[in-house]
Amino acid sequence: MATNQANNGFVTRFAPSPTGRLHKGHAYSALLAFARSRQEGGRFILRIEDIDTTRCRGDFVDGIYEDLAWLGLTWEQPVRRQSEHFVDYEAALERLKAMGVVYPCFCTRKDISREIAASESAPHGPDGPIYPGICKGRTDSEALLAKGTPHAWRLDLEAALKLIGGGPLVWQDEVKGKVIATPEELGDIVLARKDTPTSYHLSVVVDDALQGITHIIRGEDLFHATHIHVVLQKLLGYPTPLYHHHGLLLDEHGERFAKRNKSVTLESLRNDGTDPATLLSHPSDFGCPNA
Ligand code: GLU
């Protein structure tokens, strides 16, 4: 593949969560990002997103390294593992607290579903029902915090948008063009969970900034998350990278590849004697709808 002159201004990444073995969908995404970094003469970073210490496993991390190496990918060392950097996410959360754009949430899942069931129209977003704001503005928060009541931290989206002010938030997407963010569809998302001092949204935004990622190439299943990521980037003073949300690979039944379907893991393809070169030289074999 032709490599342009070194362009270290181009930095992309592949950021899997080690909750299972990688499948063809992951291979497609990783190869797309890797090939692009080579075309641009830029950098390719692998990041392990293992904040969920109950679901992530060390053997799946090893599996990621094995599978990507089998595909012929190389990446920079050391690999950032999010579970080793909770202090970075806590520091970002502290900054957001100081801005007055977060609030503690003491709700259990049951509290939230009960509230939603009781309300006449519970707005739904791409991630399911939007948090109905039970803990927003509650007057006993300080007392509950002082007592050590388990709590998450949520973004106060209304306060955040007020603080950001100005016109609409936008991002540039290589597939979809200019996108006007509608973070209201996700609402007051969780920034730090009860059991983990961060969340996917917070840690991904912090890491993309810390690692100087200029191009985010990932599946369109994460397109909706970008609506909130641009809000966090603005609040924290981070640049908004260029995005490329690619179409998802579908199996012969038209279903998305999923980690639970063992037959299509890269490990099983390798064990069946598949030559990874076939995946590399015929990316169209992946059957992806809109790369
Ligand atoms: N860790 C996420 C996942 O495995 C991907 C994060 C991202 O690319 O922003 O789905």
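Residues numbered from 1 in each chain as written. Predicted model: local features only at pLDDT ≥ 70, side-chain atom pairs only at ≥ 80, totals over all residues. Heavy atoms only, no water.

Student: I would appreciate a short explanation of helix 2 (residues 58–70) in the present structure.
Tutor: Residues separated by three or four positions in an α-helix point in the same direction, a consequence of the helix having 3.6 residues per turn. Look at helix 2: 18 Å from first C-alpha to last across 13 residues, which is about the 18 Å you get at 1.5 Å a residue. Residues of helix 2 that are buried: Phe60, Val61, Gly63, Ile64, Asp67, Leu68 and Trp70. In the segment just after helix 2, Gly72 is the residue with positive phi, at about 95°. (Helix = DSSP H or I, 4+ residues; strand = E, 2+ residues; numbered from the N terminus. Expected span 1.5 Å × (residues − 1). Buried < 20%, exposed > 50% of the residue type's maximum accessible area, 1.4 Å probe, protein only.)

Student: I tried to follow the pairing of strand 9 (residues 177–180) on my own but got confused; where do I start?
Tutor: Two faces, one strand: in a regular strand the side chains alternate between the faces of the sheet. By the bridge criterion, four bridges tie strand 8 (residues 170–173) to strand 9 in an arrangement that is antiparallel. When the sheet's bridge partners are listed, Trp171 is paired in strand 9 with Val179. Linkage of strand 8 to strand 9, two consecutive antiparallel strands, is achieved through a turn of three residues. (Pairing = 2+ DSSP bridges.)

Student: Even after reading the chapter, I still don't get the environment of Thr53, so can you show me in this structure?
Tutor: Inspection of the secondary structure puts Thr53 in the loop between strand 2 (43–48) and helix 2. Separated by 187 residues in sequence, Thr53 and Thr240 place their C-alpha atoms 28 Å apart.

Student: Looking at this model, I keep getting lost on the sheet that holds strand 10 (residues 190–192). Mind explaining?
Tutor: Read from one edge of the open sheet, three strands run 4-7-10, paired in antiparallel fashion. Of all the strands in the sheet, the pair left with one neighbour each is strand 4 (102–105) and strand 10. Ignoring which end each strand starts from, the neighbouring axes of this sheet average 40° apart. In terms of strand pairing, strand 7 (residues 152–155) meets strand 10 through two bridges, oriented antiparallel. Residue Arg154 lies in a different strand from strand 10, and its bridge partner there is Val190. (Axes fitted to C-alpha atoms, helices over the stretch in contact; angles between N-to-C directions.)

Student: It is not clear to me how the pairing of strand 2 should be interpreted in this structure. Could you clarify?
Tutor: When you tally the buried positions in strand 2, you get five out of six residues, the bulk of the element. As for the winding sense of the linkage, the β-α-β connection from strand 1 (residues 11–14) through helix 1 (residues 24–39) to strand 2 is right-handed. Inspection of the sheet shows strand 2 paired to strand 3 (residues 80–81) by two bridges, in the parallel sense. If you follow Arg47 over to strand 3, its bridge partner there is Arg80. You can see the chain leave strand 2, run along helix 2 and come back into strand 3, and the turn it takes is right-handed. (Right-handed = clockwise from strand over helix to strand, strands pointing away.)

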